[in-house]
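Commentary on secondary and tertiary structure
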Amino acid sequence: MGVQVSRADVLVTASSALAGTLLVVLRAASGLGWAPSGAEAAAQVAAAALLLIRRQHPLAVLGACVALSFVSPAVATLAALYTVGAEVRSVRTSGAAVLGVVAATWPAWRVTAEPSGPTTLWAATLMALFAYVAGRAERSRAEADRRAAASAAEAARAAERARLARELHDVVSHRVSFAVVEAEVLAASTHDTEVRRVADEIGASGRAALAEMRQVLTVLTADGAEPRAGSASGRDERHDPPDRTEVDDLAAEARATGQPVDVRVSAPSSSPPDLVDRTVARVVAEGLTNAVRHAPGAATTVDVSPVAGGVRVTVDNGLPPAPPTGLTTGGFGLTGLRERVELLGGTLEAGPTPRGGYRLRATLPRRTP
């Protein structure tokens, strides 16, 4: 594989060669050095040419530039020092290299520029140290950028996993829970032994599926990343928002499992329906699913009514006549729902009622044009 040379490498090489040649001219005018001007110019150009491979072999290029500096103080040494600071991972190795350069500066000055005075020696030493420190700072910045990029990528993956967990909960858990309850209703209402056996198997399989899904959701959200609220469902909410008839459809699904549901809708929907209407449907879906799971057969009321500046949706269920189904949930529904409601500037309340039932209530502001 050939050496990869970038435009920056070519520019640094050309600039170092030009600056080195100019230095040779100035030194010739001052009578400095022991080598002929042609030899010094060749040393400067050779040192500059080595910079083309400085990223692949930073220490070797630095050593060659120092050696050529005994013929003529190679300007390319500064670029080589910067590269060592930027490319060599080990601080110990790169620090030893720069100390070696500093140690070689004095004999090189004695050979090539002693008549110019000690000021030149000190200036050359300070420039060498500055070049190395600048390279090291660039490496630190690049590593910080890489860490930040890696962290951002991991955060994006975690958010996507959490979004997928919410989607699985909203789309799958709702349907499977109703299927399990319907199977239990069928098993309890039939006198056919074979039908009862099949219904029990369906219920058991559904419970196992929900338990396994809970484990998957726990893994997906194990890092505690929070998804973007509003993306919990499987649809893009900026398109195809449902109208209020979805509330009736959700109630019909719950009634099919034997859950008595009374729907009262007095708040009009937007035209066209907006995110508030979509969130109302999500609150109803979550409330009815929880009622079917934990209070099967309990009288359940869905109320969607207008309030000052917005709409309030409440799902209330009373005391269940039958024990809870025991279906596992994982606790992801209310978390995602709360995120969605708070994103819209609303509030969500969930908890037991004084009469022993359970209430889920969301109050959502509605922006007016």
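Please refer to the structure placed before this passage.
This report concerns the structure included in the present document. (Residues numbered from 1 in each chain as written. Predicted model: local features only at pLDDT ≥ 70, side-chain atom pairs only at ≥ 80, totals over all residues. Heavy atoms only, no water.)

It is worth spelling out the nonpolar core at this point. When a protein is soluble and globular, its nonpolar side chains tend to lie buried together. Formed by 27 residues in total, the largest nonpolar core has its most connected members in Leu288 and Val302. Breaking this core down by element, the ones donating at least two residues are α6 (118-189), α8 (245-256), α9 (275-294), β2 (300-307), β3 (310-317), α10 (332-343) and β5 (358-365). A per-element tally of this core places α9 first, with seven residues. Look past the residues within four positions of Leu288 in its chain and what remains in contact with it is Phe178, Leu250, Ala251, Ala254, Val261, Thr300, Val302 and Val315. (Core = buried A, V, L, I, M, F, W, Y, C linked by side-chain atoms within 4.5 Å. Buried < 20%, exposed > 50% of the residue type's maximum accessible area, 1.4 Å probe, protein only. Helix = DSSP H or I, 4+ residues; strand = E, 2+ residues; numbered from the N terminus. Contact = heavy atoms within 4.5 Å.)

Let us now look at α8. Compared with an ideal rise of 1.5 Å per residue, which puts twelve residues at 16 Å, α8 spans 17 Å between its outermost C-alpha atoms and is within 8% of the ideal. When α8 is considered as a whole, its buried residues turn out to be Glu246, Val247, Leu250, Ala251 and Ala254. Viewed end-on, α8 has its buried residues packed into an arc of 140°, placing them on one side of the element. Within two residues after α8, Gly258 carries a phi angle of roughly 100°, on the positive side. (Expected span 1.5 Å × (residues − 1). Arc of directions from axis to C-beta.)

Moving on: the environment of Arg293. By secondary structure assignment, the location of Arg293 is in helix α9. For Arg293, a relative accessible area of 0% gives the class buried. Separated by 112 residues in the primary sequence, Arg293 and Val181 have C-alpha atoms spaced 7.7 Å apart.

So, on to the pattern of salt bridges. Applying the stated criterion across every chain, the model contains 13 salt bridges. Here Glu87 ties to Arg55 by a salt bridge, and the two come within 3.3 Å at their closest N and O atoms. Of the two residues, Glu87 is situated in helix α4 (residues 76-87) and Arg55 in the loop between α2 (37-50) and α3 (58-68); the sequence distance between them amounts to 32 residues. With relative accessibility at 32%, the residue Glu87 sits in the partly exposed group. Ionic contacts of the salt-bridge type, sharing partners, join the residues Asp9, Arg54, Arg55 and Glu87 into one network. (Salt bridge = Lys/Arg side-chain N within 4 Å of Asp/Glu carboxyl O.)

A word on the pairing of β5. As defined by bridge partners, β3 adjoins β5 across eight bridges and the pair is classed as antiparallel. Opposite Asp316, over in β5, you have Arg359 as the bridge partner. Bridging between strand β4 (residues 347-352) and β5 involves six bridges; their strand directions are antiparallel. For Leu348, the partnering residue across the bridge sits in β5 and is Ala362. Linking two consecutive strands that pair antiparallel, namely β4 and β5, is a turn of five residues; a positive phi of about 95° is found at Gly356 within it. (Pairing = 2+ DSSP bridges.)

The analysis is restricted to geometry; functional conclusions fall outside its scope.
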